[in-house]
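Observations on the model geometry
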Amino acid sequence: MTEKFDVVIIGAGISGLYQLHKLRKLGLSVRVYEAGDGVGGTWYWNRYPGARFDSESYSYQYAFSQELLDEWNWSEHFAAQPETLRYVNFVADKLDLRRDVRFSTYIAGASFDEKTKRWTVRTETGELAESKFLITAIGPLSVPTMPNIEGVDDFNGDAFHTGYWPQHDVKFEGRRVAVIGTGATGVQLIQEVAKTAGTLTVFQRNPNWCAPLHNSPIDDVEQPAIHARYAEVFELCRNSHGAFMHTSDTRNALDLSKDERDAVYEKLYGEPGFGIWMGNFRDLFVDEQANATLSEFVANKIRERVDNPAVAEKLIPTNHGFGLRRVPMETNYYEVYNQDNVRLIDLGETPIERINATGIQTSEENLPFDMIIYATGFDAVVGGFNRLDIRGVNGQTLNDKWARGPRTHLGMQVSGFPNLFTLVGPHNAASFCNIPRCIEQNVEWVSDLVAYMTSRGLETVDATVEAEDEWTEHVYQSADRMLLTKVDSWFNGINSNIPGRQERNFLLYAGGAPAYRERCDAVATSGYSGMTFE
Ligand code: NA7
């Protein structure tokens, strides 16, 4: 039997849940399919020790409901994953969202029927659902990738990828633990595991530039003061490039003297959150010379914090400048390498040859482990789409259409795929953003378009090829000057573990959240220019 809905949403994370709420308010019938057995998306899956916000907690929460804002208190300025997952569950309860979510259900694919103008969505177990609209809310970092190291399956001890962390408690006491990967996830995990592991061996291919998080609890005195500032917090986010509470310094680093510059860097390095990345001088991200001044400043901090000078040098990136890849935020990360139980292995000097039944064989030695943790990242932004078989007009698959890189209209529509909306999709400001801020914009824009169509009795909407070409061109042009497009990172679609993903192809939108929002608003006010309706 094929169930029928107005809308099918794939994913019950931050975006899927809000989209469900908005569309239900429009009186539409909605079914959400979710692979996990609970809500939360990223915060459901990434339950590795140390997982937490790098955004100020109160800037990350949903802003659309005063009731939700009033009823929830964050316990820390940068909350840990268990608290965030509790928050998402609180929202799901409060808005009674679960009754429209089918949990533990993977979607295999969906195809559009040009005659009936309906999508047929297929679960992996062969169940079918039909809907007018199909909305992907699958997250930009939802497909973990294992390293392409020989023998990964041969290891007999415990092995976990951070993105599929088990729901049961994992203990490190007295155990010999290996961590592969030193991105934002690896850094959060390493500083936590090092506290209790018998030994911790970190396998680092490339170091990243990290900065102190300066997290702290929120006490009963500060709590009401933070609540009183919510409107200000959201306004700040609304006007900042990445929708964080940090707006960039309008001066250029190179216009100041070294002492003046360093004073700014010192202040930002000592402050909580992403200020050193998002609240810093503008030219740092477009001018290599300017960027080098900040990189040198942070390199010296690493040298001050790590006792062994040779280890410190290994932890300082040399193949990219500060802020050109995702900046991992840390709490005593560098000091971990001063502990007797922690060892850093630089894979540039000592590559892994293979993983075997007892541990890891490097070019120099065979190292026994009780546990190997893979913090090796994700098939970013497009990965979630690649594993879905989505077929639009004339049976064209999304994978074929995007074979040479994504092409979208506003990162939310794909020409030839009518009534499909991709929340936080490729070339959408939301994947380079304090994500819930941009998610709310995405969801509200889609909801307005759905309401527009419903009130006019319109059956389908599709982006024109011209509008799609224009947006795709604009995405690349706005990224062109940015130094971050010139380094290897998931921003640029690089994943060394996936064949064919070694060429840089920018997956985000670098023009900033305010410019993106204005553009989306302008399209809506123009009566949805660049789209055809039936
Ligand atoms: P990232 O940032 O993609 O980091 C993955 C890490 O794993 C990185 O250090 C990689 O080294 C390393 N890696 C990947 N494959 C291998 C192999 N085969 N061998 C050795 N090392 C490897 O993912 P994260 O999960 O840390 O962060 C993802 C996002 O989540 C982050 O940006 C936040 O927004 C939240 P490399 O640098 O590629 O040499």
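What you see is a predicted model; the values in this text were computed from it and never measured.

Assigned secondary structure in the protein chain consists of 18 helices and 20 strands. The C-alpha atoms of the protein chain give 23 Å as radius of gyration, which agrees with the globular expectation for 534 residues (24 Å, within 12%). Principal-axis analysis of the C-alpha atoms gives the protein chain an extent of 70 × 55 × 50 Å. Taking all 534 residues of the protein chain together, the buried fraction comes to 59%. A separation of at least 24 residues holds for 72% of the contacts in the protein chain among residues at least 6 apart in sequence. When the accessible area of the protein chain is evaluated, it comes to approximately 21500 Å², of which 47% is carbon and sulfur surface. Positive and negative charge centroids in the protein chain, built from 50 and 73 side chains respectively, lie 4 Å apart.

A general tendency of soluble globular proteins is for nonpolar side chains to be buried together. L200 and W445 are the most contacted members of the largest nonpolar core, which has 165 residues in total. Of all the elements, helix α16 (residues 435-456) adds the most residues to this core, at 10 residues. For L200, the contacting residues outside a window of four places in its chain are V177, V179, I190, V193, A194, N341, V342 and R343. F155, I345, I355 and Y374 belong to the second-largest nonpolar core, a separate cluster that totals 15 residues.

By definition, a disulfide links the sulfur atoms of two cysteine residues through a covalent bond. This model, assessed by the stated rule, comprises one disulfide. Between the sulfur of C433 and that of C438 lies a disulfide, 2.0 Å long from S to S. One disulfide, between C433 and C438, carries an S-S torsion of 80° and so falls in the right-handed class. In this structure, C433 and C438 share a single accessibility class: buried. Left without a disulfide partner, C520 is nearest to the cysteine sulfur of C438, which lies 9.6 Å away.

Another point: the packing of aromatic side chains. For the structure on display, the rule yields 38 aromatic pairs. Aromatic pair F385 and W402: ring centres 5.3 Å apart, planes at 70°, arrangement edge-to-face. Taken together, the residues F385 in helix α14 (residues 383-386) and W402 in the loop between α15 (398-401) and β18 (420-422) connect sequence positions 17 residues apart. In this structure F385 comes out as buried when scored by relative accessible area, which is 2%. W402 sits in the buried class, given a relative accessible area of 8%. Seen in terms of ring centroids, Y509 and Y516 are 5.9 Å apart; in terms of plane orientation they differ by 50°. Their pairing is tilted.

Geometrically, a packed helix pair is captured by the angle between its two axes and the distance between the axes. Two numbers describe how helix α9 (residues 258-269) lies on helix α11 (residues 288-305): the axes approach to 11 Å, and their chain directions differ by 55°. By the angle between their axes, α9 is oblique relative to α11. Crossing angle aside, the handedness with which α9 passes α11 is right-handed. For the pair formed by α9 and α11, the contact residues are R261, D262, Y265, E266 and Y269 on the first element and A290, T293, L294, F297, V298, K301 and R305 on the second. Grouping the amino acids of the contact of α9 with α11 by side-chain chemistry returns six nonpolar, one polar and five charged.

As far as domains go, the protein chain holds domain 1 (2-39 + 97-143 + 380-533) and domain 2 (152-373). Of note, the centres of domain 1 and domain 2, computed from C-alpha atoms alone, are 30 Å apart. Between domain 1 and domain 2, the residue contacts involve 23 residues of the former and 24 residues of the latter. Between domain 1 and domain 2 the total buried area reaches about 1800 Å² when both faces are included, carbon and sulfur atoms providing 60% of it. Taken as a group, R437, L483 and R517 account for 29% of the area that domain 1 buries against domain 2, more than any other trio of residues on that side. Connecting domain 1 to domain 2 are zero salt bridges.

On to α11, then. With 18 residues, α11 extends 25 Å between its outermost C-alpha atoms, agreeing within 8% with the 26 Å of an ideal straight helix rising 1.5 Å per residue. Considered for burial, the residues of α11 that qualify are A290, N291, T293, L294, S295, F297, V298, A299, K301, I302 and R305. Summarising the contacts, the buried residues of α11 are in contact with β10 (211-212), α9, α10 (275-278), α12 (309-314), β11 (329-330) and α13 (333-336). Two or three places before Q289, at the start of α11, stands the capping residue D287, its side-chain oxygen 2.8 Å from that residue's backbone nitrogen.

Before going further, it helps to spend a moment on α16. Taking 1.5 Å as the rise per residue, α16 with 22 residues should run 32 Å; its terminal C-alpha atoms sit 32 Å apart, in good agreement. Of all 22 residues in α16, 16 are buried; the element is thus mostly enclosed.

Definitions and limits used
- Residues numbered from 1 in each chain as written.
- Predicted model: local features only at pLDDT ≥ 70, side-chain atom pairs only at ≥ 80, totals over all residues.
- Heavy atoms only, no water.
- Helix = DSSP H or I, 4+ residues; strand = E, 2+ residues; numbered from the N terminus.
- Rg over C-alpha atoms; globule rule 2.2 N^0.38 Å.
- Buried < 20%, exposed > 50% of the residue type's maximum accessible area, 1.4 Å probe, protein only.
- Contact = heavy atoms within 4.5 Å.
- Areas by Shrake-Rupley, 256 points an atom, 1.4 Å probe, with all protein chains shown as cover.
- Lys, Arg positive; Asp, Glu negative; His and termini not counted.
- Charge placed at Lys NZ, Arg CZ, Asp CG, Glu CD.
- Core = buried A, V, L, I, M, F, W, Y, C linked by side-chain atoms within 4.5 Å.
- Disulfide = S-S within 2.5 Å.
- Phe/Tyr/Trp six-rings, centres within 6.5 Å; stacked < 30°, edge-to-face > 60°.
- Axes fitted to C-alpha atoms, helices over the stretch in contact; angles between N-to-C directions.
- Parallel < 35°, antiparallel > 145°, perpendicular 65-115°, else oblique.
- Left-handed = near helix turned anticlockwise from the far one by under 90°.
- Nonpolar A, V, L, I, M, F, W, Y, C, P; charged D, E, K, R; others polar.
- Domains from an automatic or database assignment.
- Buried area = accessible area lost by both parts, 1.4 Å probe.
- Salt bridge = Lys/Arg side-chain N within 4 Å of Asp/Glu carboxyl O.
- Expected span 1.5 Å × (residues − 1).
- Polar contact = N/O pair within 3.5 Å; in protein donor to acceptor, adjacent residues only side chain to side chain.

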